[in-house]
Amino acid sequence: MGKKVVITGVPGVGKTTVINRAIEELSAEGIEYEPLNFGTCMFEVASGQGMVRDRDEMRKLDQAQQRDLQRSAAQVIARSEGNVIIDTHCTVKTPKGYLAGLPEWVLRELMPDTVILVETDEDQILKRRLSDETRVRDLEGYNDILEHQQFNRAMGAAYAMLTGCTVKIVKNPDFLLEKGVEDMKDILR
Ligand code: AP5
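Definitions and limits used
- Residues numbered from 1 in each chain as written.
- Predicted model: local features only at pLDDT ≥ 70, side-chain atom pairs only at ≥ 80, totals over all residues.
- Heavy atoms only, no water.
- Salt bridge = Lys/Arg side-chain N within 4 Å of Asp/Glu carboxyl O.
- Buried < 20%, exposed > 50% of the residue type's maximum accessible area, 1.4 Å probe, protein only.
- Helix = DSSP H or I, 4+ residues; strand = E, 2+ residues; numbered from the N terminus.
- Polar contact = N/O pair within 3.5 Å; in protein donor to acceptor, adjacent residues only side chain to side chain.
- Contact = heavy atoms within 4.5 Å.
- Pairing = 2+ DSSP bridges.
- Core = buried A, V, L, I, M, F, W, Y, C linked by side-chain atoms within 4.5 Å.
- Near = heavy atom within 4 Å.
- Areas by Shrake-Rupley, 256 points an atom, 1.4 Å probe, with all protein chains shown as cover.

**Q** What's the story with the pattern of salt bridges in this structure? I'm lost.
**A** As enumerated under the stated definition, the model contains 20 salt bridges in all. Where Asp56 meets Arg59, a salt bridge forms, and the shortest distance between an N and an O atom there is 3.1 Å. The exposure class assigned to Arg59 is buried, which follows from its relative accessible area of 12%. Salt-bridge contacts for Arg128 lead to Asp174; the nearest nitrogen and oxygen are separated by 2.8 Å.

Set out below in structure tokens:
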């Protein structure tokens with residue numbers, strides 16, 4: 001059985017960028033990880049059923065629909081063998097409040113070894129979101145993003161209590177992507 005590492009972070013923090021670099025560099029060392037995007041697994045089911053047109057619409061679906069999609073994604077991902085990195089969210093900001101990205105029944109399917117929280121300063125996240133025209137990002141200010149990052153830490157602690165996994169914070173600040181990638185590789189080795 002391989003390692004299961006969950007990577008989380010608020011939208012636009014750069015988690016996918018850090019993961020892709022870390023996987024590429026570790027592969028050159030002979031350490032292989034399969035990247036799995038939880039949102040993509042959910043989106044394949046949601047778009048197949050005509051529920052959404054793009055991935056940013058998923059967090060606006062009603063709670064029961066999002067839960068069903070989470071369950072389907074967790075079941076697909078749990079079947080993976082070897083080392084996997086699961087790119088997802090500690091919490092998802094929905095119109096009705098924070099939804100746990102990994103509620104208990106999802107955690108039970110996944111049983112991660114480690115949960116990583118990728119973070120950076122709120123103003124940098126705001127800037128990265130504004131410059132990404134490929135996505136329909138929520139319009140949020142500094143304090144909203146601060147609250148979301150704080151809430152994610154609290155939720156990460158709950159995941160550790162439920163599963164016995166470790167929780168690690170990796171910083172991904174502007175101009176210091178390399179450092180974030182190095183920290184990520186140290187956890188994955
Ligand atoms: P998901 O696919 O995870 O989308 P996202 O949260 O919007 O994340 P992104 O991949 O767009 O952002 P990122 O943080 O990875 O940043 P990126 O590397 O692109 O989720 C989509 C949807 O799926 C969610 O909204 C939700 O509805 C659903 N979902 C997923 N998991 C779920 C779950 N468990 N339960 C329920 N729903 C779930 O980088 C962003 C930008 O920053 C880029 O331009 C990049 O070049 C730049 N950047 C990165 N690092 C740096 C740096 N160090 N310095 C300067 N710029 C940088």
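**Q** Before we go on, may I ask you to explain unusual backbone geometry in this structure?
**A** The general pattern is negative phi for most residues beyond glycine and trans for most peptide bonds. Phi at Met111 is positive, roughly 40°, even though this residue is not glycine. Given a relative accessible area of 43%, Met111 falls into the partly exposed group.

**Q** Can you walk me through the side chain of Arg59 in this structure?
**A** Mapped onto the elements, Arg59 comes out in the loop between helix H2 (38–48) and helix H3 (63–78). From its side chain, Arg59 meets the backbone oxygen of Val136 in a polar contact 3.2 Å long. Filtering out sequence-adjacent residues up to four positions away, Arg59 remains in contact with Gln66, Val92, Lys93, Thr94, Pro95, Val136, Arg137 and Asp138.

**Q** Would you mind showing me how to read the pairing of strand E4 (residues 91–94) here?
**A** Of the two faces of E4, the one lined by Thr91 and Lys93 and the one lined by Val92 and Thr94 are each fully buried. Counted between consecutive antiparallel strands, the loop separating E4 from strand E5 (residues 97–100) contains 2 residues.

**Q** How do you make sense of the nonpolar core when you look at a structure like this?
**A** Within soluble globular proteins, side chains that are nonpolar tend to cluster in buried spots. Formed by 27 residues in total, the largest nonpolar core has its most connected members in Phe38, Met58, Ile77, Ile86, Leu102, Leu110 and Tyr159. Looking at which element gives the most residues to this core, the answer is H2, with 5 residues. When neighbours within four sequence positions are excluded, Ile77 is seen to be in contact with Lys4, Leu36, Phe38, Cys41, Ile86 and Leu110. Core analysis: the next-biggest nonpolar cluster, separate from the first, contains 20 residues, Val13, Val18, Ile23 and Val181 among them.

**Q** How should the site of the ligand be read in this particular structure?
**A** Around the ligand there are 28 residues in total, and Thr16, Thr17, Arg55, His89 and Arg137 lie nearest to it. In this structure, an oxygen atom belonging to the ligand sits 3.0 Å away from a side-chain N or O atom of Lys15. Contact distances for the ligand include 3.1 Å between a nitrogen atom and a backbone N or O atom of Pro173. Within the complex, 85% of the 1,000 Å² of free accessible area of the ligand lies under protein. Elements represented by at least two residues in the shell around the ligand include exactly helix H1 (15–28) and H2.

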